[in-house]
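Chain by chain, the residues run as shown.
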Amino acid sequence: MRSASHSRFGDPAEVLVLADTPLPQPSPGQVRIRTILSPIHNHDLLTVRGEYGYRPALPAIGGSEAVGVVDALGEGVEGVAAGQRVAVAGVHGTWAEGFLAPAAALVPLPQAMEDGAAAQLLAMPLSAIMLLEFLQVEAGQWIVQNTANGAVGKTQRCWRPRAGSTWSTLVRRDAGIDEMAALGIGNTVSTAQPDWQARVRALTGGAPLRAAVDSVGGAASAQLLGLLGEGGVLVAFGAMSGESMQVPAGELIFRGVVVKGFWASAIGASTSARDRRRLVTELIQHVLAGELRLGVEAIYDLADVAQAAAASLQPGRTGKVMLRP
């Protein structure tokens, strides 16, 4: 089968190539899925670099989420039928014509859901919901989040009213403010403006920020720390810049600010199957109702995986970059 593979760790645009690899055969409890679309997530690119919490054996096929059609069942699999369209995340090797997944992890999809939304339904949206609980903020407290026009920020729009917290959302382009407003998301500030930190403080009316969610790293981490109130929490959610977080020691020593990491794979392992089904059902309902818009920026063939990886890192995207076998 065709696959997007790498035989060494490094820059995805340099190490990812189109490869011919064996079509995998499902073991007991597994199914094989013929891929329709698979997104390129930031954590997928970190995995290719060898910088993620999971480090695959090489050579490895990239990708961790997809929408596809079940085409083979392993021994003992029940409740799943060949030809069924499903979504799945937290697996490996989805940038290929076929991949394996635990039957228990599959999410059957309604016919009305488009492939572009289904391909990115689980990983980032579920992370967004778990992040809200992880922050443990109280009603009325302020939170600031950068790269808020991604799937995480869009998903949280549907759940934030329940938490009762108030958010200031940061985007990297001035045009992102109107884009967020079109989605019903306010309190947006563009970090392209030199006085963006003052604008955030003006939004809060002087109220201290309880938490900050950083998906960028580098200098952005220090900037968010400077916005937090005493005893505030900075959560490292991602590292889009590829740079180490800048954490001034004085912020920790003199203002008691705390830095914590969030890894959805580890936190999700403690989520019961019942709660996960409930959350996924709600996600599907929000997508079908048009309340959660999971857009697609571009779709690339597997042969163009290097270009696709580079495109996924470009600022100004309004949706995910996808791969199609």
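Relevant structure appears above.
Residues numbered from 1 in each chain as written. Predicted model: local features only at pLDDT ≥ 70, side-chain atom pairs only at ≥ 80, totals over all residues. Heavy atoms only, no water.

Caption draft 1: Region of the structure containing the overall build of the protein chain. From N to C terminus, the protein chain includes 12 helices and 16 strands. Over its C-alpha trace the protein chain gives a radius of gyration of 20 Å, about what one expects of a compact globule, namely 20 Å for 325 residues. Each principal axis of the C-alpha distribution contributes one length, and for the protein chain these read about 60 × 40 × 35 Å. Residues counted as buried form 49% of the 325 residues belonging to the protein chain. In the protein chain, 68% of the contacts between residues at least 6 apart in sequence involve partners at least 24 apart. Carbon and sulfur atoms form 51% of the exposed surface of the protein chain, whose accessible area is close to 14,300 Å². Taken together, the 26 basic and 28 acidic charged side chains of the protein chain have centroids lying 3 Å from each other. (Helix = DSSP H or I, 4+ residues; strand = E, 2+ residues; numbered from the N terminus. Rg over C-alpha atoms; globule rule 2.2 N^0.38 Å. Buried < 20%, exposed > 50% of the residue type's maximum accessible area, 1.4 Å probe, protein only. Contact = heavy atoms within 4.5 Å. Areas by Shrake-Rupley, 256 points an atom, 1.4 Å probe, with all protein chains shown as cover. Lys, Arg positive; Asp, Glu negative; His and termini not counted. Charge placed at Lys NZ, Arg CZ, Asp CG, Glu CD.)

Caption draft 2: Local environment of the packing of helix H7 (residues 196-204) against helix H8 (residues 219-227). H8 packs onto H7 with a crossing angle of 35 degrees between their chain directions and a minimal axis gap of 11 Å. The interaxial crossing formed by H7 with H8 has right-handed handedness. Residues Trp196, Gln197, Val200 and Arg201 of H7 lie in contact with H8, whose contacting residues are Gln223, Gly226 and Leu227. Residue composition of the contact of H7 with H8, by class: 3 nonpolar, 3 polar and 1 charged. (Axes fitted to C-alpha atoms, helices over the stretch in contact; angles between N-to-C directions. Left-handed = near helix turned anticlockwise from the far one by under 90°. Nonpolar A, V, L, I, M, F, W, Y, C, P; charged D, E, K, R; others polar.)

Caption draft 3: Looking closely at the sheet that holds strand E11 (residues 188-190). Across the sheet, which stays open at both edges, the 6 strands sit in the order E11-E10-E9-E12-E13-E14 with parallel pairing between neighbours. Only two strands of the sheet have a single neighbouring strand rather than two, namely E11 and strand E14 (258-261). Sheet twist, expressed as the average angle between the axes of neighbouring strands with direction ignored, equals 20 degrees. For strand E9 (residues 142-145) and strand E12 (residues 209-214), the ladder comprises 4 bridges, and the chain directions are parallel. When the bridges of E12 are listed, Gln145 appears paired with Val213. Contacting strand E10 (166-171) and E11, helix H6 (residues 175-182) crosses the sheet at an angle of about 135 degrees to E10. Contacts from H7 reach E9, E10, E11 and E12 within the one sheet, and its direction differs from that of E11 by about 165 degrees. (Pairing = 2+ DSSP bridges.)

Caption draft 4: Structural detail: unusual backbone geometry. For the bond running from Leu58 to Pro59, omega is -5 degrees, close enough to zero to count as cis. Despite not being glycine, Gln136 shows a phi value in the positive range, around 50 degrees. When you line up the elements, Gln136 lands in the loop between helix H4 (123-135) and E9. Phi at Thr147 takes a positive value of approximately 45 degrees, unusual for a residue other than glycine. Position of Thr147 among the secondary structure elements: in the loop between E9 and helix H5 (151-163).

Caption draft 5: Representation of a nonpolar patch on the surface in the model. Together, Met245, Val247, Leu252, Ile253, Phe254 and Val259 line one region of the surface with nonpolar side chains, adding up to about 540 Å² of accessible area. The leading source of residues in the nonpolar patch is helix H9 (residues 249-255), at 3 residues. The exposure class assigned to Val259 is partly exposed, which follows from its relative accessible area of 34%. (Patch = residues over 30% accessible without salt bridge, like charges linked within 9 Å, V, L, I, M, F, W, Y side chains within 5 Å. Salt bridge = Lys/Arg side-chain N within 4 Å of Asp/Glu carboxyl O.)

Caption draft 6: Up close: helix H11 (residues 273-288). Its 16 residues give H11 an end-to-end C-alpha distance of 23 Å, which sits within 8% of 22 Å, the value for a rise of 1.5 Å per residue. When H11 is considered as a whole, its buried residues turn out to be Leu279, Val280, Glu282, Leu283, Ile284, His286 and Val287. (Expected span 1.5 Å × (residues − 1).)

Caption draft 7: Layout of the sheet that holds strand E1 (residues 2-6). Taking strand neighbours across the sheet as the criterion, the 3 strands line up as E2-E1-E4 in an open arrangement whose pairing is antiparallel. Strands at the two margins of the open sheet, each flanked by one partner only, are strand E2 (17-20) and strand E4 (60-61). Summarising the sheet, E1 and E2 pair through 4 bridges and their orientation is antiparallel. If you follow Arg2 over to E2, its bridge partner there is Asp20.

Caption draft 8: Structural detail: the packing of H4 against H11. Running from amino to carboxyl end, H4 crosses H11 at an angle of 115 degrees, the nearest separation of the two axes being 11 Å. Crossing hand, H4 versus H11: right-handed. Mapping the contact onto sequence places Pro125, Leu126 and Ile129 in H4 and Arg276, Leu279, Val280 and Leu283 in H11. In terms of residue class, the contact of H4 with H11 is made up of 6 nonpolar, no polar and 1 charged.

Caption draft 9: Fine view of the pattern of salt bridges. The final tally for this structure, using the stated rule, is 10 salt bridges. The shortest N-O distance in the salt bridge between Arg85 and Asp115 comes to 2.6 Å. Here Arg85 is found in strand E6 (residues 85-89), whereas its partner Asp115 is found in helix H3 (residues 115-118), with 30 residues between them in sequence. Take Arg85: its relative accessible area is 18%, and that puts it in the buried class. The partner of Glu179 in a salt bridge is Arg173, and the shortest N-O contact between them spans 2.9 Å. A relative accessible area of 23% places Arg173 in the partly exposed class. Each of Arg32, Arg34 and Asp71 takes part in salt bridges that share partners, so that together they form one network.

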